[in-house]
Structures are given as C-alpha cells and as structure tokens.
Amino acid sequence: MSEPKTHTGGCHCGKVRYEVTLDLAEPAITCNCSMCGRSGTMLRFVPVDAFKLLSGADSLTDYHFNQKVINHQFCRVCGIKSFASGVAPGGVETRAINVRCLDDVDLSAISTHAYDGKSK
Ligand SMILES: [Zn+2]
C-alpha cells in the first residue's frame, strides 16, 4: 500500500521551490479547459497545510481568468507554472500541484483522470 510522502518540486530555473506531501499513487487530473488544455498540466489538489513554498515568492507572477477563483502563478523568469492557489468548494484553502514539476516523479507511473473543464 502506498502512502503520502513529501516531494520537492518547482519551476525550471530553480527560483520557485516547494515541498508538498501527497500520495502519487492517486490519479492526477488532466483537464481540457482553456488554461490546462494549453499548458498541459497534470494536477493534484492538496490542502494548503500539505504545501510549503521554500523559495521564489518574489519570482511568482499572478494570472487570473474566468471566475478568478484560482490564482495561476508562474515563474516570471522561466515561465513555468509549477502550482496554483485557490479555494475549494467549502472554503478550504487549496494548492493545485503540477505533478510534472516534482523532482522525483516517474510520469509514466502516474495515473490520470480526465476532467472536462471545457464544458463547465
Ligand atoms: Zn523559474
């Protein structure tokens, strides 16, 4: 049985670094909305307590669209979107982790769940 582990990750240039505790055996979400369909992110949503930004707060640029409930943050140096911030239904402060940006991840081993964000 797998269990949550602490993983490190971040952007391409190394300015933005974080650690996050999650179980990679659980499927990541791929979404076809106007944002995810373009950026190709594989997302895992975690409560803010499971996430710690280690460095790069001053390198993050904010981007909002649609209902502006999610803060799509990307590194202004390299442009990589390694995570996003938002509030889940129910009011829980949440981080959306781009699994592709974790250091130790075997992407071929990640199962995915397709979410039809385009139709929402
Ligand atoms: Zn960067």
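Residues numbered from 1 in each chain as written. Predicted model: local features only at pLDDT ≥ 70, side-chain atom pairs only at ≥ 80, totals over all residues. Heavy atoms only, no water.

Caption draft 1: Local environment of the layout of surface pockets. Roughly 800 Å³ of internal volume is contained in the largest pocket. Around the largest pocket, the lining comprises 31 residues; the ones closest to its centre are C33, F45, V69, I70 and Y115. If you list the elements that add at least two residues to the lining of the largest pocket, you get β3 (28-31), β4 (43-47), β7 (70-75), β8 (83-87) and β9 (93-98). A per-element tally of the lining of the largest pocket places β8 first, with 5 residues. (1 Å grid on protein atoms, 1.4 Å probe; cavity = no way out; pocket = protein on both sides within 12 Å on 5 of 7 lines; lining within 4 Å. Points joined across faces, edges and corners; volume = space filled by probe spheres on them. Helix = DSSP H or I, 4+ residues; strand = E, 2+ residues; numbered from the N terminus.)

Caption draft 2: Molecular detail of the nonpolar core. Ranked by size, the top nonpolar core spans 20 residues in total, and within it Y18, V20, I97, V99 and L102 carry the most contacts. Counting residues per element, this core draws most heavily on strand β2 (residues 17-22), which supplies 3 residues. With sequence-adjacent residues up to four places away left out, V99 is seen in contact with L24, A28, M42, L43, R44, V105, L107 and I110. Among the nonpolar cores identified, the runner-up in size contains 7 residues, and C33, C36, A84 and A96 belong to it. (Core = buried A, V, L, I, M, F, W, Y, C linked by side-chain atoms within 4.5 Å. Buried < 20%, exposed > 50% of the residue type's maximum accessible area, 1.4 Å probe, protein only. Contact = heavy atoms within 4.5 Å.)

Caption draft 3: Just the pairing of β2, in detail. Along β2, the buried face is formed by Y18, V20 and L22; none of R17, E19 and T21, which line the opposite face, is buried. Inspection of the sheet shows strand β1 (residues 5-10) paired to β2 by 6 bridges, in the antiparallel sense. Residue pairing in the sheet places T6 in a bridge with T21 of β2. Hairpin remark: β1 followed by β2, antiparallel, with 6 residues in the connecting loop; positive phi at G14, about 95 degrees. (Pairing = 2+ DSSP bridges.)

Caption draft 4: Structural context of the sheet that holds β2. Spatial ordering of the open sheet is given by β1-β2-β5, a layout of 3 strands whose pairing is antiparallel. In the strand order of this sheet, the two ends are held by β1 and β5 (51-55), each with one partner. With strand direction ignored, the average angle separating the axes of adjacent strands in the sheet is 25 degrees. Bridge count for β2 against β5 is 4 bridges, and the pairing is antiparallel. Following the sheet pairing, Y18 is matched in β5 by L53. (Axes fitted to C-alpha atoms, helices over the stretch in contact; angles between N-to-C directions.)

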